[in-house]
Every structure is written in structure tokens, then in C-alpha cells.
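Single-letter residue listing:
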Amino acid sequence: MKRIPESVAAIVAACAAIAGVPAMAQEDEGRWSIAIHGGAGTLDRADMTPERDAAYRASLQAALDAGKAVLAGGGSALDAIEAVVTRLEDDEKFNAGRGAVFTWDGTHELDAAIMDGRDRAAGAIAGVIGVRHPIMLARKVMTDSPHVMLAGEGAEEFAHEQGVEFMPPEWFDTDARREALERMKAEKLSALDVDIKFGTVGAVALDTHGNLAAGTSTGGMTGKRWGRIGDAPVIGAGTYADNDSCAVSATGWGEFFIRVGVARTICLRMQMRGEDAQTASDAVIAEVGAMGGDGGVIVVAPSGDAVFSMNTTGMYRGRATSEGLDEVAIYGDE
Ligand code: ASP
């Protein structure tokens, strides 16, 4: 599965077409798969109006459609991830980019990571302020720097050098997230009490060239301070992709996901124990739960299986495959 250059795959496909290889064989080669999330947490039907429910589903479907279009057109898994995540970063319903949660000091410190399953190249940024699309900056770290993770002011300086788009602080502000911070401070709540849902976004994909990729973007947790960084930008915790095992993007209580090394552990179980994606994901999410953490993951396997696993009552999510699967969901029981 490793390192299948897109140009080679295109030549193989063209030769197959000329030689009249049956359509079925070509369809197998053209298999793609994608799963996306918009955060996991306490999501109960009773707390959701029909309008909000419909608005979330429409946003998820639009993001999924953007990823599907890239993959169905023969584009790369990395481009599909970027198409999905940039869309959700601009959507203020989700805790990433615009609509990110407030820190204790009233700013928005953004974390993101992206990983290429072909060669396990990876890029991540942490605690960055003002960047419109943190996932694009993470990709720049991967492709245009010799590093894997950049943080804070240094990452912002790199972003300026790379010509990455910045937005003014108020562009990221939303009333709902401000209320969450104010309520947290007034009632001396913890981030978990106010973050009824988390809202991080992510995507994992298998492209028609047999390559996997994963990406995650988040504002972290309401009221975070002291430069707190969650699991999303930590390669192997919230984000991981390797053509030989799987691609994972996580959402949930980051401290636990870091301690368990969630994304890497799921892939390792698949690779070393031969578990399928669902079995491996359920086992690792159970481990997180046993330690007291909660959240969920989306996983795509080299076979094209796209699965979800969570120990919360819901996770904004969606998945689609070249075989015709195309669905979005919110609650755990759907
Ligand atoms: N995992 C993120 C963090 O801990 C939060 C989330 O998924 O919403 O920063």
C-alpha cells in the first residue's frame, strides 16, 4: 500500500482502459472512502430543536460532499481532508476556526494536525491565534518546513512567511461560545460542564490511489489556560495516518486521548493484531472510558471500511464510500 504515486496510478488506470479491462476491476481500483466528524459529546434529542438538528446535518452533508467530490474526481486524500476541514473551520457551529471556544483570557488558540499515510509525513500547529484555516497551516508545516509541530508566536511567524490567511480576533467570536466562557467563570464550572458538546472537526480518507490521510482542527476546550494543548495536534493521539494500518481523527477529552495515544493505538491494533477497524476503535475508546475520559473517533481502513466509535451520547459525523454509502448522523443510536 505504501507510496503509490498518483501519476503511476493514473497511467495504470489509462492502460487498463485502453486494454479493455472489465469495468469491475477498474471500479475496485477506483475505490475511495471518507469519514468526517464535528465533535463528540452529550448530544440528546431533547436538547435539540428540529431547526438546529437540520442545520447541523446540512453542514455535515455539505462538508462530506466537498470531500466526496475531491475523491470521486481522483483527487488525493489530503486534498479531501483539506476540503472538508476548511469548510467546517468556517462554519461557526463547530469548535474550529470561526466559532472556536474562548480561552480563559478571551482569545481563541487554535490547534490542528494533518498526516499523509503514504510516508507518514505530518504537520501540526498548536496555540495559534488569528489563522483562518489552521488545517492549511498544519499542511504547510508538513510540506514547507523541516518540522512536525510549531506552536504559538513562532507558528504565527511561519504562517505570515507562508502567506497564510489571517482574520481579526472578532471574526472568530460567537455568542454561544462567549456565553459558555461566562457561565464557566460565573458558576466556577469545569470545561467539561460547559462543553455540552465539544465541536472539534476532523476527516479521514482513502483515495483512489490507495493512500490514506487524516486531519483534525480545534479550538480546544472552553476556558483553557496556561497554553494548554489537547490531543488534536499531537500525532498519534488525536490524528494519525499510515497506509499500512489506518487513518484516525479523534474528538473528546484531549488529556485522556494523549495519555492513551488513541489514534496510533487503534492503527497498531489493526496492524499487529489483525483487528478490524471497528473492533480496534471500540477497544481503545473503552480504554479511554475506563480511565475516565470520553469522546470518539472516525477511522478509515486500507480496505475502505469507514467506522465511528464513541462513548458519548452523540457525535456529529458522516461517512461516504465509492460503493454508495452516504450518511450523516448525530446521536449515538442512529
Ligand atoms: N479533543 C479536543 C481537545 O481536547 C477537544 C474536542 O475534541 O472537542 O482539545
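Refer to the structure presented above.
Residues numbered from 1 in each chain as written. Predicted model: local features only at pLDDT ≥ 70, side-chain atom pairs only at ≥ 80, totals over all residues. Heavy atoms only, no water.

A. Unusual backbone geometry, seen in detail. In this structure, Arg120 is a non-glycine residue whose phi angle is positive, near 60°. In this fold, Arg120 is placed in the loop between strand 2 (110-116) and strand 3 (121-128). Note on Arg120: relative accessible area 36%, which makes it partly exposed. Of note, Trp226 is a non-glycine position whose phi angle comes to about 60°, a positive value. Looking at the secondary structure, you find Trp226 in the loop between strand 6 (212-218) and strand 7 (239-242). The exposure class of Trp226 is exposed, given its relative accessible area of 79%. (Helix = DSSP H or I, 4+ residues; strand = E, 2+ residues; numbered from the N terminus. Buried < 20%, exposed > 50% of the residue type's maximum accessible area, 1.4 Å probe, protein only.)

B. Quick look at the environment of Ala306. Tracing the backbone through its elements, the reader meets Ala306 in strand 10 (residues 306-310). By relative accessible area, which is 8% here, Ala306 ends up buried. With 101 residues separating them in the primary sequence, Ala306 and Ala205 have C-alpha atoms 8.5 Å apart. In this structure, Ala306 is in contact with Ser33, Ile34, Ala35, Val299, Val300 and Arg319, ignoring residues within four places of it in sequence. (Contact = heavy atoms within 4.5 Å.)

C. Molecular detail of empty space enclosed by the protein. Counting across every chain of the model gives 2 cavities of 30 Å³ or more. Of the pockets and cavities examined, the second largest cavity occupies roughly 40 Å³. Forming the walls of the second largest cavity are 10 residues, and the residues nearest its centre are Ser76, Leu78, Asp116, Arg118 and Asp207. Counting residues per element, the ones that place at least two in the lining of the second largest cavity are helix 4 (77-90) and strand 6. When the residues that make up the lining of the second largest cavity are grouped by side-chain class, the tally is 4 nonpolar, 2 polar and 4 charged. (1 Å grid on protein atoms, 1.4 Å probe; cavity = no way out; pocket = protein on both sides within 12 Å on 5 of 7 lines; lining within 4 Å. Points joined across faces, edges and corners; volume = space filled by probe spheres on them. Nonpolar A, V, L, I, M, F, W, Y, C, P; charged D, E, K, R; others polar.)

D. Region of the structure containing the sheet that holds strand 10. In space, the 4 strands of this open sheet follow the order 7-8-9-10, with antiparallel pairing throughout. One side of each edge strand has no neighbouring strand; the edge strands of this open sheet are strand 7 and strand 10. Across the sheet, the mean angle separating the axes of adjacent strands is 10° when strand polarity is ignored. Sheet analysis places strand 9 (residues 295-300) next to strand 10, joined by 5 bridges and oriented antiparallel. (Pairing = 2+ DSSP bridges. Axes fitted to C-alpha atoms, helices over the stretch in contact; angles between N-to-C directions.)

E. The sheet that holds strand 11 (residues 314-321), seen in detail. The strand order across the open sheet built from 8 strands is 4-3-2-6-5-1-11-12, with neighbouring strands paired in mixed fashion. Of all strands in the sheet, those with a lone pairing partner are strand 4 (149-151) and strand 12 (326-331), marking the two edges. With direction set aside, neighbouring strand axes in the sheet form an average angle of 5°. In this sheet, strand 12 lies alongside strand 11 in antiparallel orientation, the contact comprising 5 bridges. Counterpart to Arg319 in the pairing with strand 12 is Glu327. The sheet strands contacting helix 5 (residues 134-144) are strand 2, strand 3, strand 4 and strand 6, and the helix crosses strand 3 at an angle near 130°. Strand contacts of helix 6 (residues 152-161): strand 3 and strand 4, with the helix running at about 115° to strand 3, the strand carrying the most contacts.

F. Molecular detail of the packing of aromatic side chains. Applying the stated criterion across every chain, the model contains 5 aromatic pairs. Ring centres 4.2 Å apart and planes at 10° place the aromatic pair Tyr56 and Tyr316 in the stacked group. Taken together, the positions of Tyr56 in helix 3 (residues 50-72) and Tyr316 in strand 11 put the pair 260 residues apart, joining distant regions of the chain. The class of Tyr56 is buried, set by a relative accessible area of 3%. With 5.3 Å between their ring centres and 85° between their planes, Trp171 and Phe172 make a pair best called edge-to-face. (Phe/Tyr/Trp six-rings, centres within 6.5 Å; stacked < 30°, edge-to-face > 60°.)

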